[in-house]
Amino acid sequence: MADSARIVFLFLVSLIITACGSSGGSSGPQTPFEQGDKVGLEAPAHGSTLLNKDFALAWHASENQGETDWGVTIYTTINGTKQTVMTLSTKARTYRPLQLSDNTTYTWKVEALNGEGETVAVSDEWTFHTYPTRMLPFAGALDQGSDPGEFTKFDGAVYFTAYSPEFGRELWKKEGASDAKQVADIRGGDESSRPQELTVCKNRLYFTANDGVNGRELWMLDTTGADPVLTLVEIVTGESEGSAPYALTAMGGALYFSARESVDSENTLWLLPEDSSVPVQVTMESEALVHPDVGVAYNGCLYVSAVSETAGRELWRVTGAAGTLLEINEGGASSHPKGFAVYDGRLYFRATTEGLGAELWVVEGESSPVLLKEIAPGVVSGDPDELTVSGDTLFFTAYASSTGRELWMTNGSPAGTTLVKEIVDGVLGSQPRGLTDSGGGLYFMAKTDTEGVELWKSDGSVEGTILVQDILPGVTGSSVNEIVPFGDRVAFRAEEGEAGKELWMSGGEAYNTFRVKDIQAGAKGGYPETLVPIDDTLWFRADDGLGGVELWQSDGTEEGTFRTDNINPYLDPGVDGVVKVGGTVVMVGTSGEYGRELFTIDADGQVSVLYDIFEGYKGSSPDNLFVHGSLLYFAAEDGEKGTELWVSDGTPFGTKPLKDVNPGDVSGHPGYFTAFNGKVYFLAQVGVDWQVWETDGLSGGTQAVQSGGNPVTVGASAADLALAAGDTRLFFRKGEALWVREKSGAFLTIEGVKNPTDLFPVSGSLLFSAETEGEEGPATLMLLLGTTTDVEPFLKYNGQALRQPLHFFRAGDMIYFSAWQGESAKRSLYRFSSSNTSVSLVTDTAGQPLLRPEELCGEDGQLWFVAGPDTEREIWKVQAEGATAQSLASIAAGNATGEPESLRPVGDALYFMATHPSQGKPCLYMARGTTIGPVLDFQHRPLLDAKHAFALDGFLFLTAMNPDTITTQPVQGIWVTSPPSF
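- The protein has the name Fibronectin type-III domain-containing protein in an unreviewed UniProt entry, where Desulfoluna limicola is given as its organism.

As structure tokens, then:
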């Protein structure tokens, strides 16, 4: 594994400028001018928060004092003494101070000068403070890509589905050389409607989608008018789960599909007639066709496999909205018809009958189905599959006892239904699949003992069934896949050793079989998928290692193969779990080179992979980070032993596996870490049970906790786990009971409580939620006192129990939490005094309770939280150990909309996420003192789509998506910021 691999990052240091004081806050002697002779300062605006690398001071003129120049003075105070930083004279009314220091308080003023250099007007003095906000664009971050698919030709364009973080997975189109465009945001916001089964039916495009209100339903796009019209075709009304349509089949101008009438009913066959938006159910004498598969048009009718109450799954002939049963396996047993193909005026398919198994059947005109040939005599099935017309022959694969699965063909007669060639001798066969017609020739993939899986072709003769090219010599082969016709050639995906899986073309000979382009250099390859030929262009998705899985096209040449659009250009480092160990900042992140691993940030802003635990682009997915002493404990997967216990001192050499808790490749999933009595305790899974474990940071000192000579098991359900440590006791849930481990090693069972959760140690005591043993009703707030086994079963307020307490947070001597009382399930905020074990209600300044409190957090005894009704959620503040809360809106002025979330106190500032009023996207805000404002980037833009915020050592780490300064493409970068401290 790589011990010290390093990723090079662009490191941008910007200044956050906070204007403070007031326009009347001048200091020092003033020239005795009239009040109207002042120079007015404009920027930075009072109370604004700016992240501006090119910060500009700005001012406006006095009231016509004849000034021709301006004198600007900036100074700072060091050890109580003013020291001038710069003075200058300028004719402009703006100035950019480019050499200011970080984390420094400055004062500035402007004087108006006449032609003789005399002062004729002066401004007040304003003070601002600089502090560093660092943006670390994660150059190695994994571009997630848009993962396009379902390419469909419609109305002169290519329609497809794709994902973007702003809109989720929605319907897009690509027309000519123009940029790909989103057709509609069906679900709204960043939630996905996930369009599926794009199906063209005459002049309409049909698909299924979920708009978040009506559930998954049928949608119709009509582009015949001046403007496209998108229509919801609703079967189930007033339900959020929808009719769940699937198996869309176009026949002429009509559309058949499977759907349900209600959320409790089964899917049946429906018809949407041509030029209609009202679907009708297909029936046979009022009996519906249940669970239909995708059908096929033949002889002016739809043939489909469906279920009936009396006949099982059988073949049906559908004309309009009327169905006719063509029963093959009489008596209620199903024949399971599938694999339809129209050839030489007849319909061929596979069906199963008792005594014959699955064999090849045929329908001619309006006649009943008949067996064409029993390929595998007796009860063994020939199991014909992949029926494909090529030239004047119908090819398919089939199984025979003597040859295994091989390539077969038919001319429509029993005698003309024969094995083409036994490619591999023996009972296994060559397992041909991917049968594809192109230019009158049949292409397919087959596996031999010497070449592995490679590309083959056939003209129906033994001599003409040959290996096209051994692309990757050896028994594994090139893993040919996704063969599609392209002109008179075929396109496919194949692997050529070090080049990885890439796009290939073949004209049927070794000399014209070639790799089109090395889309992503290296063994991973571009991995082209969902290959769809449309006219002269091959559309597919691929990953070039830079833009993620995106939309590509090819004309069959290297130059004509390129990424057409980067629909989802956002780099997302996926920062999570930021901690500090041994003086090193360690975080979980994702890069294209290393996958999801641990990374470090040094003092210079350099980001490096700490240790490549699971080599390759997947990564080890570190989780449950816990720092104790000089070590970081976490769970990670190395590809061999599953997800197990690892430890790190913040260096590559000191990052290593600590214990394979669950031996073998089965994961132990260590978690719920807590420190007690000089050791780290955690829960891990061994076999089907979860156990209590302990470690001193060494492999030999990592072991299951024993009781009576046996490991302490706590249960088999991960949903019932709970572990917490107090000053003198370790608390955990075992089955339905609460257990305690003393420092001496003794175990105690706490009587009278059942199903304890939300364990919150308070010095030597424990606050928790539990049911009372032997009684019905919801869990209540309980207190386990000191070193005893005595439980205060109902901590009450005003004589009533506090139900289902959550969100415990300690601020000084007070533990704040949410709970509900009596018959009302409305949660309010309460506080528990650890000194006198009393409970009191926290209210607003009008004495009203605070509903649905969440996100409790704070520093220095101060509490912040979000509370209020659904439509009026806002941030509240409680001073140290107080019982009265003030809303942030009553304390500070600013403009933030939507429900605030991700509250993160840092120093004397509070960061939080809220919806930007004009952008309509999640934005990072900062509240400090009497001011609230969005944190802006170096071009005065708010930090949008902010997420994953973590406070550490006075800094805030987060990711946010803003365009960079060079390409203007959005970059999901790591941001590090800290508040002013003056």
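**Examining the packing of aromatic side chains**
Alright, step 1. Under the defined criterion, the tally for this structure stands at 22 aromatic pairs.
Alright, step 2. With a centroid separation of 5.6 Å and 55° between ring planes, the pair formed by Tyr298 and Tyr303 is classed as tilted. Both residues of the pair, Tyr298 and Tyr303, belong to the buried class.
Alright, step 3. Ring centres of Phe626 and Phe673 lie 6.1 Å apart, and the angle between their planes is 15°; on these two criteria the pair is classed as stacked. Here Phe626, found in strand β53 (residues 623–628), pairs with Phe673, found in strand β57 (residues 671–676); they are 47 residues apart in sequence, far enough to count as distant.
Alright, step 4. Put simply, the rings of Phe760, Tyr797, Phe808, Phe817 and Tyr830 pair up and form one aromatic cluster.
Alright, step 5. Its guanidinium or amino end placed over the ring of Tyr527, Arg493 lies 4.3 Å from that ring's centre, counting from NZ or CZ.

**With respect to the nonpolar core**
Alright, step 1. Val39, Leu57, Trp59, Ile74, Trp108 and Val110 are the most contacted members of the largest nonpolar core, which totals 17 residues.
Alright, step 2. Those elements giving two or more residues to this core turn out to be β4 (57–60), β5 (69–78), β8 (104–113), β9 (119–122) and β10 (126–136).
Alright, step 3. Sorting elements by how many residues they give to this core places β8 first, with 4 residues.

**Thoughts on the sheet that holds strand β80 (residues 863–867)**
Alright, step 1. A sheet is described by the order of its strands in space; here 5 strands give the open sequence β78-β82-β81-β80-β79, paired in mixed fashion. Of all the strands in the sheet, just β78 (843–844) and β79 (854–857) have a single pairing partner and so form its edges.
Alright, step 2. As judged from the 2 bridges shared by β78 and strand β82 (residues 884–887), these two strands associate in the parallel manner. Its bridge partner lying in β82, Thr843 is registered against Thr884.

**Concerning the side chain of Asn755**
Alright, step 1. For Asn755, the location among the structural elements is in strand β68 (residues 753–762).
Alright, step 2. Within the structure, the side chain of Asn755 is placed 2.9 Å from the side chain of Arg733, a separation counted as a polar contact.
Alright, step 3. Looking at Asn755, its side chain comes within polar contact range of the side chain of Glu771, at 3.3 Å.
Alright, step 4. Beyond its immediate sequence surroundings of up to four residues, Asn755 is in contact with Arg733, Glu736, Ser769, Ala770 and Glu771.

**What to know about the pattern of salt bridges**
Alright, step 1. Evaluation of the coordinates by the stated rule reveals 28 salt bridges.
Alright, step 2. Where Arg493 meets Glu482, a salt bridge forms, and the shortest distance between an N and an O atom there is 2.9 Å. Taken together, the positions of Arg493 in strand β42 (residues 489–495) and Glu482 in strand β41 (residues 481–486) put the pair 11 residues apart, joining distant regions of the chain.
Alright, step 3. With its nearest N and O atoms 3.7 Å apart, the salt bridge here joins Glu694 to Lys679. In this pair, Glu694 sits in strand β59 (residues 689–695) while Lys679 sits in strand β58 (residues 679–686), placing the two residues 15 residues apart along the sequence.
Alright, step 4. In this structure, a network of salt bridges that share partners links the residues Asp147, Arg169, Glu529 and Arg541.

**Here's the deal with the confidence of the model for the protein**
Alright, step 1. Residue-level pLDDT values for the protein average 85, and 89% of them are 70 or greater.
Alright, step 2. Low pLDDT, under 50, characterises residues 1–33; the stretch is placed with 111 contacts to residues that sit more than four places away or in other chains.
Alright, step 3. Within the model, pLDDT remains below 50 along residues 47–54, and this stretch shows 37 contacts once partners closer than five positions in the same chain are excluded.

**Structural notes on unusual backbone geometry**
Alright, step 1. With a phi angle near 75°, Ser286 is a residue other than glycine that sits in the positive phi range.
Alright, step 2. Within the element layout of this structure, Ser286 appears in the loop between β23 (283–284) and β24 (287–288).
Alright, step 3. Look at Glu881: it is not a glycine, yet its phi comes out positive at around 60°.
Alright, step 4. With respect to the element layout, Glu881 can be found in the loop between β81 (874–878) and β82.
Alright, step 5. For Glu881, a relative accessible area of 35% translates into the label partly exposed.

**Section: the environment of Arg317**
Alright, step 1. Mapped onto the fold, Arg317 is located in strand β27 (residues 312–319).
Alright, step 2. Counting along the chain gives 15 residues from Arg317 to Leu302, while the straight-line C-alpha distance between them is 5.8 Å.
Alright, step 3. With residues near it in sequence (within four places) discarded, Arg317 still touches Cys301, Leu302, Tyr303, Ala322, Gly323, Thr324, Leu326, Val363, Gly365, Glu366 and Ser367.
Alright, step 4. Of the polar contacts made by the side chain of Arg317, one reaches the backbone oxygen of Ser367; its length is 3.2 Å.

**Focus on the pairing of strand β6 (residues 81–90)**
Alright, step 1. As paired strands, β5 and β6 are joined by 9 bridges and run antiparallel to one another. Bridging across to β6, Thr77 finds its partner in Lys82.
Alright, step 2. Once β5 ends, the chain turns through 2 residues before running back antiparallel as β6, passing Asn79 with a positive phi of about 55°.

**Quick word on the sheet that holds strand β35 (residues 404–410)**
Alright, step 1. Across the sheet, which stays open at both edges, the 4 strands sit in the order β33-β34-β35-β36 with antiparallel pairing between neighbours. Pairing within the sheet leaves two strands with one partner each, and these edge strands are β33 (385–390) and β36 (418–421). With strand direction ignored, the average angle separating the axes of adjacent strands in the sheet is 40°.
Alright, step 2. By the bridge criterion, 7 bridges tie strand β34 (residues 393–400) to β35 in an arrangement that is antiparallel. The residue bridging Tyr399 from the neighbouring strand is Arg405, located in β35.

**Comments concerning the side chain of Glu217**
Alright, step 1. Note that Glu217 resides in strand β17 (residues 216–222).
Alright, step 2. Of the buried charged residues, Glu217 lacks a salt bridge, with Arg260 as the closest side chain of opposite charge at 7.3 Å.
Alright, step 3. A distance of 3.3 Å separates a polar atom in the side chain of Glu217 from the backbone nitrogen of Val236.

The rules behind the values
Residues numbered from 1 in each chain as written. Predicted model: local features only at pLDDT ≥ 70, side-chain atom pairs only at ≥ 80, totals over all residues. Heavy atoms only, no water. Phe/Tyr/Trp six-rings, centres within 6.5 Å; stacked < 30°, edge-to-face > 60°. Buried < 20%, exposed > 50% of the residue type's maximum accessible area, 1.4 Å probe, protein only. Helix = DSSP H or I, 4+ residues; strand = E, 2+ residues; numbered from the N terminus. Lys NZ or Arg CZ within 6 Å of the ring centre and 35° of its normal. Core = buried A, V, L, I, M, F, W, Y, C linked by side-chain atoms within 4.5 Å. Pairing = 2+ DSSP bridges. Polar contact = N/O pair within 3.5 Å; in protein donor to acceptor, adjacent residues only side chain to side chain. Contact = heavy atoms within 4.5 Å. Salt bridge = Lys/Arg side-chain N within 4 Å of Asp/Glu carboxyl O. pLDDT = per-residue confidence, 0-100. Axes fitted to C-alpha atoms, helices over the stretch in contact; angles between N-to-C directions. Lys, Arg positive; Asp, Glu negative; His and termini not counted.

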